[in-house]
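For reference, the chains in residue letters:
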Amino acid sequence: MKVKLCRVGGGRLGTLAGLGRSGAAALPLPGCLLYTRTGSAPHLTRDTLQAVGGVPAVAQLTLPTLAELHEVLEEYKEGAAKFIGMPDTVLYCSLHDPVTPCPSGYNTNKTVSLWGNSGRMEITASKFMDIQRAIQPDWFQCISDGDTISGEAGRKRAKKSVDRSLSFLDVCLQLLEESPELQGSVMFGAIEGGDILEERLRSARETAKRPVGGFLLDGFQGCAMAKETKLKLIASVTAELPEDKPRIIHGVGKPDEVLECIERGVDIFESFFPFQVTERGCALVFSYNCHPDPEAAVLKQNGAQDLEKNGAEEDQDEISRADPEMTPFEIFLKDKRYQDDFGPLLEGCTCYCCQRHTRAYVHHLLVTNELLAGVLLMMHNFQHYFSFFRAIRDALRDNKLDQLKKLLSRQALQGPANAKPGQ
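Residues numbered from 1 in each chain as written. Predicted model: local features only at pLDDT ≥ 70, side-chain atom pairs only at ≥ 80, totals over all residues. Heavy atoms only, no water.

(A) Layout of unusual backbone geometry. A cis geometry characterises the amide bond from L29 onward to P30, with omega recorded as -5°. Along the chain, P30 falls in the loop between β3 (25-29) and β4 (31-32). With a phi close to 70°, H43 is a non-glycine residue in the positive phi region. Structurally, H43 is set in the loop between β5 (34-35) and α1 (46-50). Positive phi outside glycine occurs at K77, with the angle close to 70°. Mapped onto the secondary structure, K77 falls in the loop between α3 (70-76) and α4 (80-83). (Helix = DSSP H or I, 4+ residues; strand = E, 2+ residues; numbered from the N terminus.)

(B) Inspection of helix α9 (residues 255-263) at higher detail. All of the buried residues along α9 are P255, V258, L259, E260, C261 and I262. If you follow the buried residues of α9, they end up packed against α8 (227-238), β13 (247-249), β14 (268-269), α10 (272-279), α15 (371-397) and α16 (401-414). Positive phi shows up at G265, right after α9, with a value of about 100°. (Buried < 20%, exposed > 50% of the residue type's maximum accessible area, 1.4 Å probe, protein only. Contact = heavy atoms within 4.5 Å.)

(C) View of the pattern of salt bridges. This model, assessed by the stated rule, comprises 23 salt bridges. K82 is the partner of E78 in a salt bridge, and the nearest nitrogen-oxygen pair spans 2.6 Å. For E78, a relative accessible area of 43% gives the class partly exposed. For K82, a relative accessible area of 46% corresponds to the partly exposed category. A cluster of three or more residues bridged by salt bridges with shared partners is formed by K159, D163, E199 and R202. (Salt bridge = Lys/Arg side-chain N within 4 Å of Asp/Glu carboxyl O.)

(D) Just the sheet that holds strand β2 (residues 13-19), in detail. Spatially, β1-β2-β3 is the arrangement adopted by the three strands of the open sheet, whose pairing is antiparallel. Edge positions in the sheet fall to β1 (2-7) and β3, since each has one partner strand and no second. Strand-to-strand twist of the sheet, defined as the mean angle between neighbouring strand axes without regard to direction, takes the value 15°. Looking at chain direction, β1 and β2 are connected through five bridges and run antiparallel. In the strand pairing of β2, K4 is matched with T15. Packing of α15 onto the sheet brings it into contact with β1, β2 and β3, and relative to β2 it is tilted by some 125°. (Pairing = 2+ DSSP bridges. Axes fitted to C-alpha atoms, helices over the stretch in contact; angles between N-to-C directions.)

(E) Highlighting helix α14 (residues 359-367). Here α14 has its buried residues at R359, A360, V362, H363, L365 and L366. After α14 finishes, the residue N369 shows a positive phi value of roughly 60°.

(F) Expanded view of empty space enclosed by the protein. Scanning the entire structure with this criterion turns up two cavities of 30 Å³ or more. In this structure, the second largest cavity encloses a volume near 30 Å³. C142, I143, S144, S165, L169, G189 and A190 are the residues that line the second largest cavity. Looking at the lining of the second largest cavity residue by residue, the classes come out as four nonpolar, three polar and no charged. (1 Å grid on protein atoms, 1.4 Å probe; cavity = no way out; pocket = protein on both sides within 12 Å on 5 of 7 lines; lining within 4 Å. Points joined across faces, edges and corners; volume = space filled by probe spheres on them. Nonpolar A, V, L, I, M, F, W, Y, C, P; charged D, E, K, R; others polar.)

(G) The packing of aromatic side chains, seen in detail. Applying the stated criterion across every chain yields a total of 17 aromatic pairs. Taken together, a centroid distance of 6.3 Å and an interplanar angle of 45° make the contact between Y385 and F388 tilted. With Y385 and F388 both in helix α15, this residue pair falls three residues apart, about one helical turn. Each of the two residues, Y385 as well as F388, counts as buried. Aromatic side chains F388 and F389 sit 5.6 Å apart centroid to centroid with 65° between the ring planes, which places their arrangement in the edge-to-face category. Each residue in the set F269, F273, F286, Y288, F329, Y385, F388 and F389 is aromatic and connected to the rest through ring pairs, giving one cluster. (Phe/Tyr/Trp six-rings, centres within 6.5 Å; stacked < 30°, edge-to-face > 60°.)

(H) Region of interest: the confidence of the model for the protein. On average, residues of the protein score 89 in pLDDT, and 90% of them are at 70 or above. Here helix α11 (residues 294-301) stands out as the least confident element of the protein, with mean pLDDT 48; α14 is the most confident, with 98. Note that residues 294-300 has pLDDT below 50 and, in this model, 17 contacts with residues that lie over four places away or in other chains. Every residue in residues 417-423 is under pLDDT 50, and counting partners more than four places away or in other chains gives 34 contacts. (pLDDT = per-residue confidence, 0-100.)

Below you can see the structure in the form of structure tokens.
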């Protein structure tokens, strides 16, 4: 696995080459992982996933779901990739599922708690490596203590999280050397330390001294940490890391936040955000085309050239009541305003759903609780999100990242959610 960068300033543009056991796969940077649940893209079969454009070469597995299959995989002996029917896919195993909340206060000096369908599972570094030997992933996040929610964890707790994580890393690196099943696997070291800059820098420097294949910026999930603090910590940490190894961040998925992290040296993101949007009954409709007139681009993309301010705030209030987690980058298709809207989810989108179906049809599927609603929305949201990352790489190549950032900032303020439907 090798990072080949063609640009560094303002964002790292390049390719992560030599992936997988064969070394034939590659992941463009900046890029994202394919979010899966036990190896399956949510709502999608293998065939429907193939109809989605731009699917990343690396799929994310989550340890809590696979830990429950440990004994089965151990007896199977051929690894999770073949077991789940994805033998040619590069697999990355993360410690937690980014969509599942992890209760605080359960980690100890020797164990980390995972939360799966069967409840809490306590695992030691040795048990963790036993599970990884059964999974045989191409990449995996080392076990770490990331239980440092900003505002609740002080300096002492942040120091403890770094000490524990480095201790876990040393044990796992030793066990990795002794594991023939994992000789082709790459371990990512976790950078911990909560919101304490000194501890974050210590974690980054100490982890970089060890023979890890890449770095995970952990503990930035959610909204507990102030945005300015988060961005300052990310910039400070990435400055300490070697240029030739990839950097993954967990828990960051909103388009505007992704761009801010890329500017500060992050390479790889998860793709849980499209899944969360789908679960809300929403479709991503934000524009990522760098256009001379950003406002016109937003209106054109969302078929909202007749956008009126009258009633916009009331519409937004109604949507916020429907789901407080909703972002300005999506539209809520359960809303009755879409029952007579016979345009595509997004004008100009080439996804399976937009080429064949309308907002009115997806609205009907959602209000009647049809399973097909999740399938069509997931196909659209995945493809739109993956295309967004391609647009980021194009913007970096053409020195237009600032224009893309302004375009997204404008949408974050006014929001496609306010746009009236109708093509």
